[in-house]
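Spelled out, the chains give:
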Amino acid sequence: MLQALYGVEVCLLKKRLKAELLLMVVLMVGCKDPFESKFDHLPLLVTTKAAVDSCSNNGVVLQVGKDLNDNNQLDQSEIQATRESCFPKSKSAKKTKKELEEKVSVVAQVDRGTCLFGGFAVHIGKDRNHNRKLDSSESLQSEMFCDKPKETQLMDPGLLLADKDKKLYLGYGLAMRDDELFVGAPLFGEEGVSKGVLGHYKRNNVGKWIQAGLYFPQVENHQMFGSTVAASSQYVAVGSEGINVPSRVEVFHRRSGGLNWLQELELDSKDTKSGFARRIAMNDRIIVVANLDRDEVFVFEKKGSRFERKARLEVAPDSRDDGRFFGYSLAITNDQDILIGAYKEDAQPGVSSSGVVYVFKKVKSEWVEWQRLIAKTPNSNELFGSAVTAFDSWIAIGASGAQVNHTVNSGRVDVFKKNGDGYYSFQESLVDNKATAHNFFGSGLVFTENVLFVTANVFDLGVRSKGHSYAFKRIGDGWKKVHQLTHDDESFQKYGWALAADKGRFAVSAPMLNANNSSENLLHGSVQGAVYVYEPGGF
């Protein structure tokens, strides 16, 4: 029997039919949860039919829907999900259809733990003690029915209506905090000048994302303002990678009315001549900026009302002519440790481009190299460190080039946890066991509390391919996949290039999507880009 959870009172009505068991569940919500499942407040029916022909052992076919006409039965037009649930052979001996109808109980229960966007679980078993619920020893099988997320596509009308033939690369830089999105479009400007712009979106009180502002700082031609974006609870940092012009990082103060320009981070002449600002990480106290061309990372710390440059981080010189891409991924932990990925570094002699992530810690007033993280078993071209993210005592590291199940470049994510001594130890690896070649699972990573979001298909292979997004939720000390979305458009749009998340929502960019949702004019000036926001509200 359904139990009262999160203010949900449950009534149960069970009616025996000749060929099926019918379970009627009426959910009455006492208080509205903004992230509630659509199942939570509508009449729900679960019907089961014996699956004796298709299951080698025992099983049932579950049909789920909402009793829209309130006739206490599930009409064909009301069925919204059908799933066959076969029991493990070790659980029970083969039964006839009649025995299943007489012996099997079905219990539906609201579930807010496993489902990311809401949903419910159906538990199947035998209520031997007649307590009107299935105890752990009585349950044979459980099936999860999770709501799908609501998808919103943002394509900036304020920019697009002016000239559909201009390139924008909307979403090349992306950050999310609270109910706000900060979206960079670094190619915005007159033809061939690429000055760039930052779009600011807010989620209003009816759940719609609206444009709250556009920011055009005084920059040079080819500055590419918006090529990288990071945000904290108080600030937004925007990088201008630049093409043959000095790179810049602008810092804005977040205010209720929008963004107020605070400062440009102070650089010296050596820094501005190279690829500064290609990666940025920040919180309210620290901003970390990578210079990939020189394998160096700079740390800016808050002093008074401004951020001051305090350290230049690097590691021992590398013999590789093309560099190790030290700083390709950046993150700051809750304990203010700085994580720096170098995905082309050799983790061990002879294991080329296996990848490394460095941990830097501030000891007294100096930033020191604290730990060098590598894969549990490093392999060549795994690209360990192609992405990194942190939350609480956990860090996740993408090895997007890893070979899984003999599938080249399918990708992997390694999860580490901080120990009591301040060092991180390997916990487990996350993969997509059904990934195809060149999936590059783990190219994008971001934590939002106890949920880890992952993207695939970020790297440029020069071919059309689908993009993927995933969510893993922490259950105890393990991580369970609770969401996977394959984007339908197979055009070369780089779905998954940038990833951002906060408070149960996440956003994925496709900066090479053109204005007609295709890639036919990719090289002819019509590449606009888009950002997809996923949140509760789908079904």
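Look up a bit, the structure's there.
This write-up is about the structure you can find in this document. What you see is a predicted model; the values in this text were computed from it and never measured. (Residues numbered from 1 in each chain as written. Predicted model: local features only at pLDDT ≥ 70, side-chain atom pairs only at ≥ 80, totals over all residues. Heavy atoms only, no water.)

1. Re the overall build of the chain
Along the backbone of the chain there are three helices and 36 strands. Excluding contacts between residues fewer than 6 apart, the proportion of contacts in the chain whose partners are at least 24 apart in sequence is 50%. (Helix = DSSP H or I, 4+ residues; strand = E, 2+ residues; numbered from the N terminus. Contact = heavy atoms within 4.5 Å.)

2. Thoughts on the sheet that holds strand E31 (residues 451-456)
On the basis of which strands lie adjacent, the open sheet formed by four strands has the order E30-E31-E32-E33 and antiparallel pairing. Only two strands of the sheet have a single neighbouring strand rather than two, namely strand E30 (444-448) and strand E33 (478-486). Neighbouring strand axes in the sheet, compared pairwise and without regard to direction, differ in orientation by 20 degrees on average. The sheet contact formed by E31 and strand E32 (residues 468-475) spans six bridges and is antiparallel. Within the sheet, the bridge partner assigned to Ala 456 lies in E32 and is His 468. (Pairing = 2+ DSSP bridges. Axes fitted to C-alpha atoms, helices over the stretch in contact; angles between N-to-C directions.)

3. With respect to the nonpolar core
Counting residues in each nonpolar core, the largest one holds 24 residues, and the members touching the most others are Val 297, Leu 313, Phe 326, Ile 338, Ile 340, Phe 360 and Trp 367. Of all the secondary structure elements, the ones that give two or more residues to this core are strand E19 (286-291), strand E20 (296-303), strand E21 (306-313), strand E22 (326-332), strand E23 (338-342) and strand E24 (356-363). The element contributing the most residues to this core is E22, with four residues. If we ignore the near neighbours within four places in the chain, the residues touching Ile 340 are Val 297, Leu 313, Phe 326, Gly 327, Ser 329, Leu 330, Val 356, Val 357, Tyr 358 and Phe 360. (Core = buried A, V, L, I, M, F, W, Y, C linked by side-chain atoms within 4.5 Å. Buried < 20%, exposed > 50% of the residue type's maximum accessible area, 1.4 Å probe, protein only.)

4. Focus: the sheet that holds strand E35 (residues 505-510)
What the four strands build is an open sheet, ordered E9-E36-E35-E34; its pairing is antiparallel. Across the chains shown, the open sheet's two edge strands, defined by having one partner strand only, are strand E9 (150-154) and strand E34 (499-502). Strand after strand, the sheet turns through a mean of 20 degrees between neighbouring axes, direction not considered.

5. Here we look at the pattern of salt bridges
One pass over the full model with this rule turns up 23 salt bridges. One salt bridge connects Arg 278 with Glu 241, and the closest N-O pair in it is separated by 3.2 Å. Here the residue Arg 278 occupies a position in strand E18 (residues 276-282), and Glu 241 occupies one in the loop between strand E15 (235-240) and strand E16 (248-255), the gap between them amounting to 37 residues. For Arg 278, a relative accessible area of 24% corresponds to the partly exposed category. Note that Asp 477 is salt-bridged to Lys 417, the shortest N-O span being 3.3 Å. Highlighted residues: Asp 477 in the loop between E32 and E33 and Lys 417 in strand E28 (residues 412-418), separated in sequence by 60 residues. Salt bridges linked by common partners bring Asp 178, Glu 180, Arg 254 and Lys 503 together as one network. (Salt bridge = Lys/Arg side-chain N within 4 Å of Asp/Glu carboxyl O.)

6. So, the packing of aromatic side chains
Aromatic rings in a pair are described by how distant their centres are and how their planes are angled relative to each other. Within the structure shown, the criterion is met by 21 aromatic pairs. Between Phe 453 and Phe 506 the ring centres are 4.4 Å apart and the planes differ by 25 degrees, which places this aromatic pair in the stacked class. Taken together, the residues span a long stretch of sequence, with Phe 453 in strand E31 and Phe 506 in strand E35 at a distance of 53 residues. Taking relative accessible area as the criterion, Phe 506 reaches 0% and is therefore assigned buried. One aromatic cluster in this structure is built from Phe 391, Trp 394, Phe 447 and Trp 479. For Lys 302, the ring lying beneath its charged end belongs to Phe 307, and the centroid distance is 5.9 Å. One Lys or Arg, Lys 361, reaches over the ring of Trp 370 and ends 5.1 Å from the middle of that ring. (Phe/Tyr/Trp six-rings, centres within 6.5 Å; stacked < 30°, edge-to-face > 60°. Lys NZ or Arg CZ within 6 Å of the ring centre and 35° of its normal.)

7. Concerning the pairing of E28
Of all seven residues making up E28, six are buried, and the element is well covered by its neighbours. Hairpin geometry of E28 and strand E29 (residues 424-430) is characterised by an intervening segment of five residues between the two adjacent antiparallel strands and by a positive phi of about 90 degrees at Gly 422.

8. So, the pairing of E18
Within E18, five of the seven residues are buried, which leaves it mostly tucked inside the rest of the structure. With five bridges connecting them, E18 and E19 associate as antiparallel partners. Of the residues in E19, the one forming a bridge with Ile 280 is Val 289. Counting the residues between successive antiparallel strands, the hairpin from E18 to E19 contains three residues.

9. As for the side chain of Thr 228
Checked against the element boundaries, Thr 228 lands in strand E14 (residues 225-231). Of the residues examined, Thr 228 reaches a relative accessible area of 9% and is grouped as buried. Within the structure, Thr 228 has its side chain in polar contact with the backbone oxygen of Ala 277 (distance 3.0 Å). (Polar contact = N/O pair within 3.5 Å; in protein donor to acceptor, adjacent residues only side chain to side chain.)

10. Some thoughts on the environment of Ser 240
Turning to its location among the elements, Ser 240 is positioned in strand E15. Ser 240 gets classed as buried once you look at its relative accessible area, which sits at 0%. It is 5.0 Å that separates the C-alpha atoms of Ser 240 and Met 224, two residues lying 16 residues apart in sequence.

11. Let's talk about unusual backbone geometry
One non-glycine residue, Leu 383, adopts positive backbone phi at about 60 degrees. On the secondary structure map, Leu 383 appears in the loop between strand E25 (366-373) and strand E26 (384-391). Even without glycine at this site, Phe 440 takes up a positive phi of about 55 degrees. On the secondary structure map, Phe 440 appears in the loop between E29 and E30. Here Phe 440 falls in the buried class, since its relative accessible area comes to 5%.

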